[in-house]
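# Observations on chain architecture
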Amino acid sequence: NKQRPIDNFIVDFYVPKLKIVIEIDWESHFDEQGIAYDEERSDILKWLWLKVLRFTNEEVMKNFEGVCTKLEQIFKWN
């Protein structure tokens, strides 16, 4: 499912059956404030027994096949 509210956050993608959150990080995620916010979010989501996977927007745009391969591997393990 695309963009779903969990706790006080809206996550980019959520796979409820596997309890996996997939986040796509844009440029705003890479400054000091963005990094701190993402760490806090990830900690809270992990506390809710969710696994958080992060990909950069650049990874998705330039290596979509590689991202899909990583996701396939992770989904097979769960």
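It should be noted that the structure appears before, not after, this text.
Residues numbered from 1 in each chain as written. Predicted model: local features only at pLDDT ≥ 70, side-chain atom pairs only at ≥ 80, totals over all residues. Heavy atoms only, no water.

On to the environment of asparagine 8. Summarising the element assignment, asparagine 8 is placed in the loop between strand S1 (2-6) and strand S2 (9-15). Owing to a relative accessible area of 71%, asparagine 8 belongs among the exposed residues under this scheme. Separated by 36 residues in sequence, asparagine 8 and isoleucine 44 place their C-alpha atoms 9.7 Å apart. (Helix = DSSP H or I, 4+ residues; strand = E, 2+ residues; numbered from the N terminus. Buried < 20%, exposed > 50% of the residue type's maximum accessible area, 1.4 Å probe, protein only.)

Our next topic: the pattern of salt bridges. Considering all chains together, one arrives at five salt bridges under this definition. Between glutamate 23 and arginine 41 there is a salt bridge, and its shortest N-O distance comes to 2.3 Å. Note that glutamate 23 is positioned in strand S3 (residues 20-25) and arginine 41 in helix H1 (residues 32-47), a separation of 18 residues in sequence. Each of the two residues, glutamate 23 as well as arginine 41, counts as buried. Between glutamate 58 and lysine 62 there is a salt bridge whose closest N-O contact spans 3.6 Å. (Salt bridge = Lys/Arg side-chain N within 4 Å of Asp/Glu carboxyl O.)

With respect to the helices, strands and loops of the structure, serine 42 is situated in helix H1. Assessed through its relative accessible area of 9%, serine 42 is described here as buried. Setting aside anything within four residues of it in sequence, one finds serine 42 in contact with Val52 and Arg54. (Contact = heavy atoms within 4.5 Å.)

So, about the packing of aromatic side chains. The full count for this structure, using the stated rule, is one aromatic pair. Pairing phenylalanine 9 with tyrosine 37 gives two aromatic rings, centres 6.3 Å apart and planes at 75°, and the pair type is edge-to-face. Of the two residues, phenylalanine 9 is situated in strand S2 and tyrosine 37 in helix H1; the sequence distance between them amounts to 28 residues. For tyrosine 37, a relative accessible area of 42% translates into the label partly exposed. (Phe/Tyr/Trp six-rings, centres within 6.5 Å; stacked < 30°, edge-to-face > 60°.)

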